[in-house]
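A closer look at the structure
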Amino acid sequence: MRVAIAFCVAVLPLVIGITWNPPDNIVDFSLYQIYPRSYKDSDGNGIGDLRGIIERLDHFTESNVEAVWLSPIYRSPMVDFGYDISNYKEIDPIFGTMEDFEELLKAAHDRNLSVLMDFVPNHTSDQHEWFQKSLQGIPPYDSYYVWHAGRMENGVRVPPNNWVSQMRGSAWQWKDERQAYYLHQFSIQQPDLNYYSPDVRREMKDVLKFWLDKGVDGFRVDAMIFLYEDKRFLNEPLSGLTDDPNDYDYTVKIYTTNQQPTYDIIPTWRQVLDKYEQPKYLMLEVYSNVSDTMKYYHYGADFPFNFYTITNLTRNSNAADIQYVVESWYDNMPEGCTPNWVTGNHDQHRLISRLGEPRARAITTTVLLLPGVIVTYYGEEIGMIDEYISWEDTVDPEGCRAGKEHYLTSSRDPERTPFQWDDSVSAGFSSNPHTWLPVNEDYKTLNLAHEKKEKNSYYALYEKLSALKRSQYLKEAMLVTKVLDDYVFAVARETEDHGSVYAISNFGDTDSIVDLSVFDNIPSKLNVYYASAISDILPWESVIQIRRVTIPAGSVVILTTPNADFVTD
Ligand code: GLC
């Protein structure tokens, strides 16, 4: 086992923690997810675009981001805001042109910023030419999608089985033209491709090559687990979680997710990527149990995304819970692989809205100091929160499909509102006062320009930590974590020759006095690199004794050893 679990009974409370030495070959950088509709609008139509991203590339440099992933920018009817693709090799005019994309790629590379695309292999739009031809039964497109004649029940034709769509209701949709049902694991307008067809497999490899030839640095693979379905088309067992057959949780997904061929296809993609000289990354969207998730590491992906800080932490989590989430990834990940940490994305409520600000700060602090790849969803670096979106303004297909009664629990619009750059019109996102989703009402004070001036802002913390993450010395440093109190969690990165850093987060509502001598090899005095609470207790750049350190309630303190030279390396 790679993780040494240290139990120390010398101090109260019981200090538990892990140590982990990052292997040399792991990938370690800070990745930023751009949701292009919401990052920056350059032409005043209220929707973000590629030229907007070009205009604001400095933000990545200033925030020590090393790679960006663009949510889909391909041609699309936008039913699922780009995750329904009608042409994989064209840019949707709403975002700009291919020339804009090429300019963006060059400008990013000139700044040493890698660019990853969203690869959406599971389904296309129903407007895709392939689907239109499949509908008419034209070979070879007739077998590009998953078609089934259904079953006869009391003389009535019904879908082949009880499979449920992620967006509610049967995953099967009847088409008179084909006299058959097609499978759609997402919205009706997103028919699933049939990966048993060699033509489909070839087409999708061509898509990868097309973008790699343009110079992109890799892919985030959308909805990876859904690629193949069991060919017997059997009913899935009932979960017992709900009586509603239209609810996605009605069944256990033993025939529609994580099928063996889904794993086997990854090496065939890897081969395509490995033909290029520069490293190309493959990161998979996988929401699954630990064993099915970890299995993806063995097939040539850089990693399946680690969503456990999203799925396994709540507003009540304590420091031991955070410790458990961190530890369980290291514990289960195969030897020599790259860990990764995702704290938010366009499908999840925002970090602060899920956990409250003190816990959110603790998580941001923790993940930015962990080895491997960390993923920041746009806006989380300034602590953006969900905005209330009325039923009338709801545009997300998942929210719309849930209906007026239930949309609030399903809609993903609240976490997709425009980035808050400053306190001008539409938060500086657009010159247009009307934007595709309303700007969050809090933008007058919660915006990047304002936070850059505030020492204890969310962005100030993010910027301080991301500078550390970028340091080559720290990328190689040993990781040590400790639970210091019920709501106090500490992460350290220790080097032998270049100093060490200790970040302590107290997300409780009382101050906590901690003894940092529980860390082996810690010197008796440390420098305050950053303290989020404005107080006299821990002024920045002061020197403190390690045996009794007061960590104010709801704050983060980052301390470095006097010999630390990674801050400027
Ligand atoms: C992924 C995307 C989500 C999309 C779905 C269908 O889960 O993250 O936004 O709706 O796939 O493509």
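Residues numbered from 1 in each chain as written. Predicted model: local features only at pLDDT ≥ 70, side-chain atom pairs only at ≥ 80, totals over all residues. Heavy atoms only, no water.

Some points on the side chain of Thr376
How we decide: Segments assigned H or I by DSSP are reported as helices when at least four residues long, segments assigned E as strands when at least two residues long, and all are numbered from the N terminus. Note on exposure labels: buried denotes an accessible area under 20% of the residue type's maximum, exposed denotes more than 50%, and partly exposed covers the range between, all computed with a 1.4 Å probe on protein chains only. Pairs of N or O atoms within 3.5 Å make up the polar contacts considered here, provided that, within protein, one atom can donate a hydrogen while the other can accept it, and that residues adjacent in sequence are counted only when both atoms are side-chain atoms. Residue contacts are counted whenever heavy atoms from the two residues lie within 4.5 Å of one another.
On the secondary structure map, Thr376 appears in strand β17 (residues 373-377). Note on Thr376: relative accessible area 5%, which makes it buried. Polar side-chain contacts of Thr376 include one of 2.8 Å to the side chain of Tyr462. Once you skip the residues sitting within four places of it in the chain, Thr376 turns out to touch Leu31, Tyr32, Gln33, Glu381 and Tyr462.

A closer look at the packing of helix α6 (residues 198-214) against helix α8 (residues 266-274)
So the rule is basically this: Where helices are involved, their axes are fitted lines through C-alpha atoms of the stretch in contact, as for all axes, and angles between N-to-C directions lie from 0 to 180°. Here roughly perpendicular refers to angles of 65 to 115 degrees, roughly parallel to angles under 35, roughly antiparallel to angles over 145, and oblique to all remaining angles. In this scheme the crossing of two helices becomes right-handed for a clockwise turn of the near helix relative to the far one and left-handed for an anticlockwise turn of less than a right angle.
Look at α6 against α8: their axes get within 10 Å of each other, and the N-to-C directions meet at 25°. It follows that α6 is roughly parallel to α8 by the angle criterion. Crossing angle aside, the handedness with which α6 passes α8 is right-handed. Within the contact between the two elements, α6 uses Lys205, Leu208, Lys209 and Leu212 and α8 uses Thr268, Trp269, Val272 and Leu273.

Considerations on the pattern of salt bridges
What counts here: We count a salt bridge whenever a side-chain nitrogen from Lys or Arg sits within 4 Å of a carboxyl oxygen from Asp or Glu.
Here the structure, examined in full by the defined rule, presents 30 salt bridges. When the shortest N-O distance is used, the salt bridge between Arg75 and Glu90 registers 2.5 Å. Of the two residues, Arg75 is situated in strand β5 (residues 74-75) and Glu90 in strand β6 (residues 87-91); the sequence distance between them amounts to 15 residues. Overall, the relative accessible area of 31% leaves Glu90 in the partly exposed class. Ionic contacts of the salt-bridge type, sharing partners, join the residues Asp80, Asp347, Asp396, Glu398, Arg412 and Arg416 into one network.

Quick look at the site of the ligand
Worth spelling out the cut-off: Here a residue counts as near a molecule or strand whenever at least one of its heavy atoms sits within 4 Å of it. Computed with a 1.4 Å probe, the accessible areas rest on the Shrake-Rupley method; for each residue, only the protein chains presented here act as cover.
Taken together, 13 residues lie around the ligand, and Asp80, His123, Asp222, His346 and Asp347 are the ones closest in. Take Asp222: an N or O atom from its side chain is 2.9 Å from an oxygen atom of the ligand. Between the ligand and His346 there is a distance of 2.9 Å, counted from an oxygen atom to a side-chain nitrogen or oxygen. Relative to its unbound accessible surface of 310 Å², the ligand loses 96% to contact with the protein.

Some points on the sheet that holds strand β11 (residues 172-175)
Our working definition: Here a strand pair is declared whenever DSSP counts at least two bridges between the two strands.
Across the sheet, which stays open at both edges, the three strands sit in the order β8-β12-β11 with antiparallel pairing between neighbours. The outermost strands of the open sheet, each flanked by one partner alone, are β8 (147-148) and β11. Strand direction decides the pairing type here: β11 and strand β12 (residues 180-183), joined by four bridges, are antiparallel. Looking at β12, one finds that Trp172 is bridged to Leu183.

Side note on helix α16 (residues 458-470)
What counts is decided by this rule: Expected span, for any helix, means 1.5 Å times one less than how many residues it has.
Helix length check: α16 (13 residues) gives 18 Å between terminal C-alpha atoms against 18 Å at 1.5 Å per residue, within 8%. Among the 13 residues that make up α16, 10 are buried, leaving the element largely enclosed by the rest of the structure. Along α16, the residues classified as buried are Tyr458, Tyr459, Ala460, Leu461, Tyr462, Lys464, Leu465, Ser466, Leu468 and Lys469.

With respect to the nonpolar core
Keep this limit in mind: To form a nonpolar core, buried Ala, Val, Leu, Ile, Met, Phe, Trp, Tyr and Cys residues must be joined to one another through side-chain atoms within 4.5 Å. Domain boundaries shown here were taken from an automatic or database domain assignment.
Counting 148 residues, the largest nonpolar core has Phe60, Phe101, Trp211, Phe219, Met224 and Ile558 as its most contacted members. Take this core: its biggest share by element is seven residues, from α16. Here this core spans two domains, and each of domain 1 (3-23 + 478-560) and domain 2 (385-451) adds at least three residues to it. When sequence neighbours within four positions are dropped, the list of residues in contact with Met224 reads Thr262, Ile265, Ile266, Trp269, Leu284, Glu285, Val286 and Tyr296. Counting residues in each nonpolar core, the second largest holds 23 residues, with Ala492, Ala531, Ile544 and Ile546 among its members.

Topic: the environment of Glu236
Note on placement: Glu236 falls in the loop between β13 (218-221) and α7 (260-264). For the pair Glu236 and Ile322, spaced 86 residues apart in sequence, the C-alpha to C-alpha distance is 34 Å. Residues within four places of Glu236 in sequence aside, it is in contact with Asn162, Trp163, Thr251, Val252, Lys253, Ile254, Tyr255 and Thr256. Reaching out from Glu236, the side chain makes a polar contact with the backbone nitrogen of Ile254 at a distance of 3.2 Å. In this structure the side chain of Glu236 is engaged in a polar contact, spanning 2.8 Å, whose partner is the side chain of Thr256.

Digging into unusual backbone geometry
Looking along the chain, the bond that leaves Pro139 and enters Pro140 is cis, with omega of -5°. Of note, the phi angle at Asn112 is positive, near 60°, even though the residue is not glycine. For Asn112, the position within the fold is in the loop between α4 (98-110) and β7 (114-119). The exposure class of Asn112 is exposed, given its relative accessible area of 62%. Even without glycine at this site, Ala223 takes up a positive phi of about 50°. In this structure, Ala223 sits in the loop between β13 and α7.

Points about the domain arrangement of the chain
Each assigned domain of the chain is listed here: domain 1 (3-23 + 478-560) and domain 2 (385-451). With centres defined by C-alpha atoms, the gap from domain 1 to domain 2 works out at 37 Å.

Here's the deal with the pairing of strand β4 (residues 67-70)
Alternating positions in β4 separate into two faces, Ala67 and Trp69 on one and Val68 and Leu70 on the other, with burial throughout. Of the pairings in the sheet, the one linking strand β3 (residues 30-34) to β4 comprises four bridges and is parallel in character. Considered in β4, the bridge of Gln33 is made with Trp69. In terms of strand pairing, β4 meets β7 through four bridges, oriented parallel. By the bridge assignment for β7, Val68 is matched with Val115.

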